[in-house]
Amino acid sequence: MADITGDQRIQSEVLEGLATAVNHRRWFVELALPYLGDNPIEIGSGLGDYAIEWAEHLPRFTATEADPDRLVLLKERMADYPNIDVRQMLLPAADAAGEYSAAVSYNVLEHIEDHVGALRSMAELVRPGGRIILIVPAFMFAMSQVDIATGHIRRYTKKSMRAAMSEAGLEIEKLHYANALGLIGYYGATSIFKLAPKEGPMVKVYDSVVLPVTKAAESIVKPPFGQSVFVVARTSA
């Protein structure tokens, strides 16, 4: 079993900061919703913010976490949500059961050395014809000290994501960049000004002012670049 890399404390700080970016989260919640089915599993639920919003629309949802400390916090938080199950999981996993309608994972694959093996594990978790839904950070030129500290091994392009999916035996249904202005802001903040995306005025202004404009524009035209790569792939029926 491979380890997920990175400083868990710094990862938690970043997660807590990004939890305040409500509009950003809701946008990315909406991207995955049409593909989740009736009983999805999330790989790497962190603090559970996405899980809670997805579970509002679903009869059943499974949240997972690899880090033992965050797993305890996740279980405590999800105790108030009866349709959310919580389990510990680290990919590649040996106990994949094939019972889920989809496997969704946001900003996790970039931490895993054997990312093709992780994709195959996700495929084994879902039913035949089920979906794998991912968001990962985009473009290696944006790799910063924040990425390294949080354990990012790589950032993706559409081309490198397509190659990984193909090697894992998955058929891509949807693949595009998301949050073009976010990439510019992230690169400036982390690579030029050496800042981390933590809670504060910068995140609040981005989320309340910049993000809605970006989302509206990208609902009309998909950009040629973005802060993230969004992909939906289907397993063999």
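Refer to the structure printed above.
The present account deals with the structure reproduced in this document.

What counts as what
Residues numbered from 1 in each chain as written. Predicted model: local features only at pLDDT ≥ 70, side-chain atom pairs only at ≥ 80, totals over all residues. Heavy atoms only, no water. Patch = residues over 30% accessible without salt bridge, like charges linked within 9 Å, V, L, I, M, F, W, Y side chains within 5 Å. Areas by Shrake-Rupley, 256 points an atom, 1.4 Å probe, with all protein chains shown as cover. Salt bridge = Lys/Arg side-chain N within 4 Å of Asp/Glu carboxyl O. Buried < 20%, exposed > 50% of the residue type's maximum accessible area, 1.4 Å probe, protein only. Helix = DSSP H or I, 4+ residues; strand = E, 2+ residues; numbered from the N terminus. Contact = heavy atoms within 4.5 Å. Core = buried A, V, L, I, M, F, W, Y, C linked by side-chain atoms within 4.5 Å.

### Digging into a nonpolar patch on the surface
A contiguous nonpolar patch, built from Phe141, Tyr187, Ile192, Phe193, Leu195 and Met202 and spanning about 620 Å² of accessible area, is present on the exposed surface. Accessibility expressed as a relative area gives 41% for Met202, which makes it partly exposed.

### Section: helix 5 (residues 115-125)
With 9 of 11 residues buried, helix 5 lies mostly within the body of the structure. All of the buried residues in helix 5 are His115, Val116, Gly117, Ala118, Leu119, Ser121, Met122, Ala123 and Leu125. In this structure, the buried residues of helix 5 make contact with strand 1 (41-42), strand 4 (100-106), strand 5 (126-137) and helix 7 (158-167).

### Regarding unusual backbone geometry
Phi is positive for Asn107, which is not a glycine, with a value near 55 degrees. Relative to the assigned elements, Asn107 resides in the loop between strand 4 and helix 5. Taking relative accessible area as the criterion, Asn107 reaches 34% and is therefore assigned partly exposed. A positive phi angle is found at Asn179, which is not glycine, with a value near 70 degrees. What makes Asn179 buried here is its relative accessible area of 0%.

### Description of the nonpolar core
Leu109, Leu119, Leu134 and Met161 are the most contacted members of the largest nonpolar core, which has 34 residues in total. Residue assignment for this core shows that the elements contributing at least two residues are strand 4, helix 5, strand 5, helix 7, strand 6 (171-178) and strand 7 (228-234). Here this core takes 6 residues from helix 5, the largest share from any one element. If we ignore the near neighbours within four places in the chain, the residues touching Leu119 are Leu109, Ile132, Leu134, Ala164, Met165, Ala168 and Leu170.

Any functional reading would require information that these geometric values do not contain.
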